[in-house]
Amino acid sequence: MMNATGDPRLADYFAADADGNYVGSSPGGALVTASWVGPAYASQNSPVFFLTYFELKFVEAEAFFDTEKDKSAAAYNAAVKASLAKHGVSDATWEADNAAETAASITMQKIMTGKYIAMFLSLETWTDWRRTGMPALAIPAGATLTETPRRYIYPTDENLYNTANVPAGVTPSTRVWWDN
């Protein structure tokens, strides 16, 4: 996703190969030359984000989407720009192409995909996907499940020692109460 737009966060998110390229591996693929996680997330001093300004702006963009598209677009643009600034890679040219949405051009797909990229490695992106189905996720090669998991399974201790409170038939594909 990031290669397609030349996203300036690439160098912070991933380590380039010897040729300066960022190479991905398909879900479940074992491409040994794929890029490793980069300095923003893999260094000893990498921060762990709890809640960020850019996440708040993405939430705001989603909240306004159905009622006030102009506010939704403005919040989305601010979110993308704040994410770039957080990584120290603000780029006015890139932002003009990728963070200049209007009331006419903003879509929920853009909001959720932008949030997915900005919140790389955050568990919240899985929760967002379960709520919206965006962005589209591929099933990894060789996966034993036929669909993306919707929940964690109950731990072994619960199944062994607390069976009265473990619902029967719960699988990773079983939806939680709010995921319909």
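Figured I'd write up the structure that's included with this text.

Conventions and cut-offs
- Residues numbered from 1 in each chain as written.
- Predicted model: local features only at pLDDT ≥ 70, side-chain atom pairs only at ≥ 80, totals over all residues.
- Heavy atoms only, no water.
- Axes fitted to C-alpha atoms, helices over the stretch in contact; angles between N-to-C directions.
- Helix = DSSP H or I, 4+ residues; strand = E, 2+ residues; numbered from the N terminus.
- Parallel < 35°, antiparallel > 145°, perpendicular 65-115°, else oblique.
- Left-handed = near helix turned anticlockwise from the far one by under 90°.
- Contact = heavy atoms within 4.5 Å.
- Nonpolar A, V, L, I, M, F, W, Y, C, P; charged D, E, K, R; others polar.
- Salt bridge = Lys/Arg side-chain N within 4 Å of Asp/Glu carboxyl O.
- Expected span 1.5 Å × (residues − 1).
- Buried < 20%, exposed > 50% of the residue type's maximum accessible area, 1.4 Å probe, protein only.
- Arc of directions from axis to C-beta.

Attention now moves to the packing of helix 4 (residues 53–64) against helix 5 (residues 69–86). One way to put it is that helix 4 packs onto helix 5 with a least axis distance of 8 Å and a crossing angle of 160°. Looking at the two axes, helix 4 sits roughly antiparallel to helix 5. Between helix 4 and helix 5 lies a crossing of left-handed hand. Contacts from Y53, F54, K57, F58, E60, A61 and F64 of helix 4 reach helix 5 at K69, K71, S72, A75, Y76, A78, A79, V80, A82, S83 and K86. Residues of the contact of helix 4 with helix 5, tallied by class, amount to 11 nonpolar, two polar and five charged.

As a further point, take the packing of helix 5 against helix 7 (residues 108–118). Interhelical geometry of helix 5 versus helix 7 gives an angle of 15° and a closest axis separation of 10 Å. In this view, helix 5 runs roughly parallel relative to helix 7, as classed from their interaxial angle. Crossing geometry of helix 5 relative to helix 7 is assigned as left-handed. Here S72, Y76 and S83 of helix 5 lie close against helix 7, whose contacting residues are K110, I111, G114 and A118. A breakdown of the residues in the contact of helix 5 with helix 7 according to their chemical character gives three nonpolar, three polar and one charged.

What follows deals with the pattern of salt bridges. Counted by the stated rule, this structure contains nine salt bridges. Across the pair R131 and D128 runs a salt bridge, and its minimum N-O distance is 3.0 Å. Here D128 and R131 lie together in helix 8 (residues 124–132), a separation of three residues that amounts to about one turn. Within the structure, one salt-bridge network assembled from shared partners comprises E62, K115, D128 and R131.

Moving on, we get to the environment of P135. Positionally, P135 belongs in the loop between helix 8 and helix 9 (156–161). Each C-alpha atom, one on P135 and one on T113, is 5.5 Å from the other, the two residues being 22 residues apart in sequence. In this view, P135 contacts M1, Q109, M112, T113, Y116 and W129; residues no more than four positions away in its chain are not counted.

The phi angle of most residues is negative, glycine excepted, and most peptide bonds adopt the trans form. Cis geometry is found at the peptide bond from M134 to P135, where omega equals -10°. Phi is positive for L121, which is not a glycine, with a value near 70°. Relative to the elements of secondary structure, L121 occurs in the loop between helix 7 and helix 8.

The subject of this paragraph is helix 4. Taking 1.5 Å per residue, 12 residues should reach 16 Å; helix 4 reaches 17 Å between its end C-alpha atoms and fits that length. Those residues of helix 4 that sit buried are F54, E55, K57, F58, A61 and E62. For helix 4, the arc enclosing every buried residue in end-on projection is 160°, short of the 170-degree limit, so these residues lie on one face. In helix 4, those exposed residues whose orientation departs by more than 90 degrees from the buried face are Y53 and A63. The elements touched by buried residues of helix 4 are helix 5, helix 7 and helix 8.

A few words now on helix 8. Where helix 8 is concerned, the buried positions are T125, W126, T127, D128, W129 and R130. Tucked inside the fold, the buried residues of helix 8 contact helix 7. Positive phi appears at G133, one or two residues downstream of helix 8, with a value of about 75°.

The quantities given are spatial measurements derived from coordinates; they are silent on function.
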